[in-house]
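Structural characterization, general
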Amino acid sequence: MPAPNLIIRIQNYNRVSLGAILGAAPKNLLQKFNLITWVSTDEEPIELGHERTLLVYSFMLPHTTEVANELKSIKHRYPFCETVCGGAQPTSAPKVTLELGFDYVLAGEGEVFFSEFLEKWLENAFEKGIHHAPKAKVNLDLFPGFSTITEYLPPIEISRGCRCGCMFCGVPRLNAATVRHRSLDAITSIVKEYFKLKPGRKRIKFLAPNAFAYGSFSGKPDLNALYDLLETLKRAGVPEINLGSFPSEVRPDYVTREVMELVTPYLSNKTIVMGVQSGSNKMLAKMNRGHTVAQAINAISLVREFGFLPHIDFIVGNPDETQEEQIELVDFMEQMINEFDIKVHMHTFTPLPSTPWENKLQSPIDESVKKRIRTLQAAGKLDGWWENHIGYFRTNQETK
Ligand code: SF4
């Protein structure tokens, strides 16, 4: 009997998540399949015959419509083909995802769960429908976080989860309000593997919800852990360490003078990306950010003092946001631009599934506020897709 087809639907946006689950899958398990990659805009694989076939998707909210359309077409042309999906959107909104027509929806961390699913699928022992992985159980040290199948060496995930409780963010709920850090040994072995696969590689980036919280479980920076991380990377011969910049941003309350003195000599990135989100203490409290405007100003000033460009995230259109609060936000952004020459990364509030504010509505953005934001954008002081996301929640509701 021929081996069943396992088709991996690869897009640029899912190389990280697919790399994580495929890298974690035992080789002898994958060898039981005829493994096929279907990349980007390529035609669907010609090997798609009438053998038993499983097509694997991983996606986020913005890709839902595109995936739904493709799935419909696949199901129409190849009704025998079974489909499974995981990733951020299926995890956050599994019911909505199942309604798109997937046979199996795997919600949660996939490193262990996906392999268990494949084993059972081979034996026809996995029921169709939604299945939830146990929350926050994956030991990052046991898995490499990448796979050569996806042909991408992603930023190395040094921490997963967050104990803060920002109302707009899904990270705490998805990780049961826990935080895990990858050990130095595990990080070192991934770095070595990267250099083996790409000997000329210079820059290594990292993935973390709060980069300067590496090694910390206490709610404040662990200077020893940060030092050990950076020294380890230096000793491993990483020519360019990119930490504190996308996709390993930082929180203002973790940017202290001690932290900046420690990290600056090691970093090659010229920008520090930091979530500040609002210039109003009242709004920061509503968002449950856990820091104040004064802490944000102190952090921005330190980032500038140590020679980095502060690239600062802000959100407008938050639930129940008043006109005064929006004006306060733009006043604050302009003040920070004038005093510290920051660059603003502007967002419009989007009610994401699995967040405390998932059922809240975006507040209308005052026209005078929009105008001032556009002026900053035209002056090159502000970037982001904020304007595309105005009214975005309506599209989301329609998808539901
Ligand atoms: S926005 Fe950042 S700090 Fe807040 S809960 Fe999410 S990951 Fe944690």
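Higher on the page you've got the structure.
Residues numbered from 1 in each chain as written. Predicted model: local features only at pLDDT ≥ 70, side-chain atom pairs only at ≥ 80, totals over all residues. Heavy atoms only, no water.

A few words now on the packing of helix α12 (residues 293–305) against helix α13 (residues 323–340). Taken N-terminus to C-terminus, the directions of α12 and α13 make an angle of 30°; their axes are 11 Å apart at the nearest point. In terms of their interaxial angle, α12 and α13 are classed as roughly parallel. As α12 runs across α13, the sense of the crossing is right-handed. Of the residues in α13, those in contact with Val293, Ile297, Ile300, Ser301 and Arg304 of α12 are Phe332, Met336 and Phe340. Taken together, the residues of the contact of α12 with α13 break down into six nonpolar, one polar and one charged. (Axes fitted to C-alpha atoms, helices over the stretch in contact; angles between N-to-C directions. Helix = DSSP H or I, 4+ residues; strand = E, 2+ residues; numbered from the N terminus. Parallel < 35°, antiparallel > 145°, perpendicular 65-115°, else oblique. Left-handed = near helix turned anticlockwise from the far one by under 90°. Contact = heavy atoms within 4.5 Å. Nonpolar A, V, L, I, M, F, W, Y, C, P; charged D, E, K, R; others polar.)

What follows covers the site of the ligand. As a structural note, the neighbourhood of the ligand is formed by Cys162, Cys164, Cys166, Phe168, Cys169, Pro172, Pro209, Arg251 and Arg289. Its residues assigned to classes, the shell around the ligand shows seven nonpolar, no polar and two charged. (Near = heavy atom within 4 Å.)

Moving on: the environment of Thr292. Relative to the helices and strands, Thr292 is located in the loop between α11 (281–286) and α12. When its relative accessible area of 34% is taken as the criterion, Thr292 is described as partly exposed. Remark: the alpha-carbon pair of Thr292 and Ser280, spanning 12 residues in sequence, is separated by 8.3 Å. Residues in contact with Thr292, not counting those within four places in the same chain, are Asn281 and Leu284. (Buried < 20%, exposed > 50% of the residue type's maximum accessible area, 1.4 Å probe, protein only.)

A word on the pattern of salt bridges. Opposite charge on two side chains makes pairing possible when the charged atoms of those side chains draw close. Within the structure shown, the criterion is met by 24 salt bridges. When the shortest N-O distance is used, the salt bridge between Glu119 and Lys32 registers 3.7 Å. In this pair, Glu119 sits in helix α6 (residues 110–122) while Lys32 sits in the loop between α2 (27–30) and β2 (34–39), placing the two residues 87 residues apart along the sequence. Judged by its relative accessible area of 42%, Lys32 falls in the partly exposed class. Lys282 is the salt-bridge partner of Glu325, the closest N and O atoms lying 3.9 Å from each other. Taken together, the residues span a long stretch of sequence, with Glu325 in helix α13 and Lys282 in helix α11 at a distance of 43 residues. Owing to a relative accessible area of 57%, Lys282 belongs among the exposed residues under this scheme. One salt-bridge network, in which partners are shared between bridges, spans Glu109, Glu111, Glu157, Arg160 and Arg180. (Salt bridge = Lys/Arg side-chain N within 4 Å of Asp/Glu carboxyl O.)

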